[in-house]
Amino acid sequence: MLSLLLTLQSPPADPPHSYDGLARQLAVAIPRIEASVTVDGVLDEPVWLSAARLVGFSQYRPVDGRPATDSTQVLVWYAPDAVYFGIRAYEAHGKVVRATLADRDNIDADDRIQILLDTYDDHRRALLFAVNPLGVQEDGVWSDGFEASAGGPQAGGRFDAVIDLNPDYVYESRGRLTDFGYEVEVRIPFKSLRYQSSDPQNWGVQVVRETQHTGSEDTWAPAVRASASFLIQSGTLVGLTRLHRGLVMDATPEFTTKVNGAPGTLAYVYKGEPDLGGTLRWGITQNLSLNATANPDFSQVEADVGQVTANQRFPLFFPEKRPFFLEGLEQYDTPNRLIYTRRVGQPVAGGKLTGKVGATNIAYLTAVDDRGQSATGDNPIYNLLRLRRDLGASSTAGLVYTDRTDGDAYNRVFGTDLRVVWRKIWFSQAQLVGAWTRDAAAARAGTLWDLTMYDRTGRAYGNHGEIQGVSPDFVAAAGFVPRTNYVQMTIYNRFSWYGRPGDLVDQVSTFVGLTPLWRYDDFLHLRSTIEGGIQDTWTANLRGGWGITVNLSDLEQRFDSGAYTGYATDSAGTPFALPHGLYNLLGGDVGVTTPNRALTAAADAGYSAVPIFAEGAAGRQLATQMTLTWRPTQAVRVEGLWTHQRITRARDGSRFSIANIPRLKLEYQLTRYIFFRYVGQYFAQQREALEDPRTGLALVLDSSATARLGPAGGAATNELRSDFLFSYRPTPGTVLFFGYGASLTEPDAFRFQNLRRTSDGFFLKASYLFRM
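Residues numbered from 1 in each chain as written. Predicted model: local features only at pLDDT ≥ 70, side-chain atom pairs only at ≥ 80, totals over all residues. Heavy atoms only, no water.

Quick look at the overall build of the protein chain
Move 1: On a plain count of helices and strands, the protein chain comes out with five helices and 43 strands.
Move 2: For the protein chain, whose C-alpha radius of gyration is 27 Å, the value lies close to the compact-globule estimate of 28 Å for 772 residues.
Move 3: Considered along the principal axes of its C-alpha atoms, the protein chain spans approximately 90 × 65 × 50 Å.
Move 4: Put simply, 62% of the contacts in the protein chain that link residues at least 6 apart link residues at least 24 apart.
Move 5: Entry remark: accessible area of the protein chain is about 32,400 Å², with carbon and sulfur atoms responsible for 58%.
Move 6: Averaged over its 75 positive side-chain charges, the protein chain has a centre that lies 1 Å from the centre of its 82 negative ones. (Helix = DSSP H or I, 4+ residues; strand = E, 2+ residues; numbered from the N terminus. Rg over C-alpha atoms; globule rule 2.2 N^0.38 Å. Contact = heavy atoms within 4.5 Å. Areas by Shrake-Rupley, 256 points an atom, 1.4 Å probe, with all protein chains shown as cover. Lys, Arg positive; Asp, Glu negative; His and termini not counted. Charge placed at Lys NZ, Arg CZ, Asp CG, Glu CD.)

With respect to the packing of aromatic side chains
Move 1: This structure, assessed with the given rule, holds 29 aromatic pairs.
Move 2: Ring geometry for W77 against Y84: centres 4.2 Å apart, planes inclined by 5 degrees, an arrangement best described as stacked. Summarising the burial analysis for this pair, W77 and Y84 share the class buried.
Move 3: An aromatic cluster is present here, built from F559, Y564, Y567, F576 and F613 joined pairwise through their rings.
Move 4: A cation over an aromatic ring shows up here: R412 above the ring of Y410, its NZ or CZ 4.1 Å from the ring centre.
Move 5: One Lys or Arg, R757, reaches over the ring of Y268 and ends 3.9 Å from the middle of that ring. (Phe/Tyr/Trp six-rings, centres within 6.5 Å; stacked < 30°, edge-to-face > 60°. Buried < 20%, exposed > 50% of the residue type's maximum accessible area, 1.4 Å probe, protein only. Lys NZ or Arg CZ within 6 Å of the ring centre and 35° of its normal.)

Brief notes about unusual backbone geometry
Trans peptide bonds make up the majority, and among non-glycine residues the majority have a negative phi.
Move 1: Going from R61 to P62, the amide bond is cis rather than trans, its omega being 5 degrees.
Move 2: Here D199 and P200 are connected by a cis peptide whose omega angle stands at 0 degrees.
Move 3: Take P200: it is sitting in the loop between β11 (181-189) and β12 (201-211).
Move 4: Although it is not a glycine, D105 sits at a positive phi angle of roughly 65 degrees.
Move 5: Mapped onto the elements of the fold, D105 is located in the loop between β5 (82-90) and β6 (112-118).
Move 6: Of note, N754 is a non-glycine position whose phi angle comes to about 60 degrees, a positive value.
Move 7: By secondary structure assignment, the location of N754 is in the loop between β41 (734-745) and β42 (756-767).

What to know about the pattern of salt bridges
Move 1: Applying the stated rule across the entire model yields 36 salt bridges.
Move 2: Between R88 and E183 there is a salt bridge, and its shortest N-O distance comes to 2.9 Å. Residue R88 is located in strand β5, and its partner E183 is located in strand β11; the two are separated by 95 residues in the primary sequence.
Move 3: Overall, E183 belongs to the buried group, its relative accessible area being 3%.
Move 4: Among the ionic pairs, E688 bridges to R655, the shortest N-O distance being 3.0 Å. Taken together, the positions of E688 in the loop between β38 (674-687) and β39 (700-701) and R655 in strand β37 (residues 655-669) put the pair 33 residues apart, joining distant regions of the chain.
Move 5: The exposure class of R655 is partly exposed, given its relative accessible area of 27%. (Salt bridge = Lys/Arg side-chain N within 4 Å of Asp/Glu carboxyl O.)

Brief notes about the side chain of Q206
Move 1: Note that Q206 resides in strand β12.
Move 2: Residue class for Q206 comes out buried when judged on its relative accessible area of 0%.
Move 3: Polar contacts involving the side chain of Q206 include one to the main-chain amide nitrogen of W220, which spans 3.3 Å.
Move 4: Separated by 2.9 Å, the side chain of Q206 and the backbone nitrogen of A221 make a polar contact.
Move 5: Beyond its immediate chain neighbours, meaning those up to four positions away, Q206 contacts Q114, I115, L116, T219, W220, A221, A223, F230, Q233 and S234. (Polar contact = N/O pair within 3.5 Å; in protein donor to acceptor, adjacent residues only side chain to side chain.)

Some words on the environment of P482
Move 1: Checked against the element boundaries, P482 lands in the loop between β26 (461-470) and β27 (486-498).
Move 2: On the basis of relative accessibility, which here comes to 36%, the residue P482 falls in the partly exposed class.
Move 3: C-alpha separation for the pair P482 and E254, spaced 228 residues apart in sequence, amounts to 34 Å.

Thoughts on the side chain of D369
Move 1: Tracing the chain through its elements places D369 in strand β20 (residues 360-369).
Move 2: This buried residue, D369, is left without a salt bridge; R404 holds the nearest opposite charge, at 5.5 Å.
Move 3: Only 2.9 Å separates the side chain of D369 from the backbone nitrogen of G345, close enough to count as a polar contact.

Regarding a nonpolar patch on the surface
Move 1: A cluster of nonpolar residues, L247, W282, I284, L290, Y768, F770 and M772, forms a patch on the protein surface that exposes about 660 Å² of accessible area.
Move 2: Looking at where F770 falls in the secondary structure, it is placed in strand β43 (residues 770-771).
Move 3: Of the residues examined, F770 reaches a relative accessible area of 42% and is grouped as partly exposed. (Patch = residues over 30% accessible without salt bridge, like charges linked within 9 Å, V, L, I, M, F, W, Y side chains within 5 Å.)

A look at the sheet that holds strand β4 (residues 72-79)
Move 1: Here we have five strands laid out as an open sheet, ordered β2-β4-β5-β11-β10, and antiparallel in their pairing. At either end of the open sheet lies a strand with only one pairing partner, and these are β2 (52-54) and β10 (172-177). Across this sheet, the average inter-strand angle for adjacent strands is 15 degrees, counted without regard to direction. (Pairing = 2+ DSSP bridges. Axes fitted to C-alpha atoms, helices over the stretch in contact; angles between N-to-C directions.)

Notes on the pairing of strand β40 (residues 715-731)
Move 1: As paired strands, β38 and β40 are joined by 14 bridges and run antiparallel to one another. Note on β40: the bridge partner recorded for I674 is Y728.
Move 2: Pairing between β40 and β41: eleven bridges, direction antiparallel. Within β41, the residue paired with R721 across the bridge is S743.

Notes on the environment of R281
Move 1: The residue R281 is located in strand β17 (residues 275-285) in this model.
Move 2: Residue class for R281 comes out buried when judged on its relative accessible area of 9%.
Move 3: Separated by 33 residues in the primary sequence, R281 and V248 place their C-alpha atoms 7.8 Å from one another.
Move 4: Ignoring any residue separated from it by four or fewer positions in sequence, one finds R281 in contact with K191, R245, V248, M249, D250, S289, L290, N291, E327 and R771.

Focus on the confidence of the model for the protein chain
Move 1: When pLDDT is averaged along the protein chain, the result is 88; 92% of the residues meet or exceed 70.
Move 2: Residue range residues 1-24 is modelled with pLDDT below 50. Its contacts to residues more than four positions away, or to other chains, number 42 contacts.
Move 3: Note that pLDDT drops below 50 for residues 146-158; the model gives that stretch 49 contacts with residues more than four away or on any other chain. (pLDDT = per-residue confidence, 0-100.)

Details of the environment of V205
Move 1: If you trace the backbone, V205 turns up in strand β12.
Move 2: A relative accessible area of 0% means that V205 is categorised as buried.
Move 3: Counting along the chain gives 34 residues from V205 to Y171, while the straight-line C-alpha distance between them is 17 Å.
Move 4: Once residues lying within four places of it in the same chain are set aside, the contact partners of V205 are L116, L117, W220, S234, G235, T236 and L237.

Listed below in structure tokens is the structure:
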């Protein structure tokens, strides 16, 4: 590694930047023209000759501040009802443009153009409209600020933003490959946007070009990585006037029918569930929207990716996928995920109000859940409120309130947060939250607090210092706070080196971190830590898009006596003696990713000393993951994923658990709007009988411990899941899905003998977007 660093330039000092001057330099007055064009990917109409021209792109990633390898020309103008973009992307390296016929939001491996529109010109969020060279769309929300930094160090990686591709907007796009590269045409109607009520008004704008064969990302407005905000470095569209949005009323009726099968007493039984529902969206003003839904279909068309749980202590996070919750979801973001909409299991009805009034973002959601999600037999009711006010150029202050009521039981959470950006590349952040809960157990209250003392996002050097605490009785029934009763400090330092143009290595960074963790009461009484340690991560970006990652760690783990309540070493009830802590848990991990080509691969392998939590013992873990993606034609995609984990006991080398999870996804994209997909996943996980780490004899668990951990005698899961889907989705909201899914189990993993069907089902979903 030392010889590699010697070939790189020394880290330069972070230069001063004047973002205000840069914004003035890139302020563009685009023409307002009473015209319309046919969006066909050919910029041949006379109106394009009058458009404003955005040129002079520069590289942002992997090394900022360099001239772009290829030139890009962006033409922009607007009509009373829409804004138009025409892009000519020149490619001087031959026939190397990556373009596939893909489903919406599935073009990350293609060359693409991203248009970021900050319609409030507040440098916090921008709507993202992306297209590949064939005009296939990808859209979502680009969020600057605390959403990109909460919960971890931001000294590297994608520190500039969180990109949420779940929202879908109605816009037109077409593209085509040309002799010079590719050409793309985009029309974004104002009806699909929320924006200011003033006239005239300014919008922030940034255009990003991603080129796969070089692994580079170029921006129109010069952007540097030494900044706590990416969007503040955008250019500006100035003087937009007389924008006509008209009535914004979207009605989306839905018809869903399901036929689910399950083993019955005498035979396999199918039951049908036809349903009618719908969603209504009303644009009250240019910047406020009201959504309502009744009896919505919240089924998923694809199973979540399997995750290993054999040595898992805390709940696993799964992202939201349901359409009603996805629109405007980014406005509910808070540090530490105090709002997690997947807590609403099967809503009967719901409503949302989202938007921005002045400098204040407003997001409110209410939902009535199905009685099957209740512990009392009543319908749980959720009320979720998030307010966030802009302060200065990039700072924010926010409030959050959540309420879940289930009969006489309730959980209420109220919190506030503040994020202050200072000296361009630094920010500090604080959050204080209280929770009040009453359920069958008792009435109790808890607190969560989080203080980021400093975070520096410099080009050559970055750092992050944070301390976070969650009291034992803190409950967020409408959020995702997987762990309580701890205080953790996180201190990271990053050092980066950049290669010269043409070098094999574009960039090398190292992240050195300390993560000590205390029990909540131990921290308050200045007692020692129970886990944590030091970690060192090296990342290297190589020319052409290759990536290498190396992780090294030295950790400690002390066991919590409360987790072993109900343990005994024999049937006579001899108490389990809690082992002492484990120290010098050394581990290493290496990962390699290839450039995005027709065949793309990523591999990761690690070996480490780990605690076996169910036994309070020392273990050794081998973990590997391999991903392979093959795109033999523009219309066919094959994705394979294999996850393997094996944990053995350090005492004698015997196996504690093993997991293998292969996953295969096959897609055939018939047109831009029609595809066929198969997803198959085999989840094979086996945990051996629990043993006393001192004697090797079997442990005995009482009913309370068995409820937490499962049987002491071990457990195995061998499940094959298959999902087939036909999808027709010409626009967001208008869909036709038809699919079939089945789950099968067998006694022995990967034998494919004696497979027994445990559940299956057909489903049909049809909806149509009526836009008024």
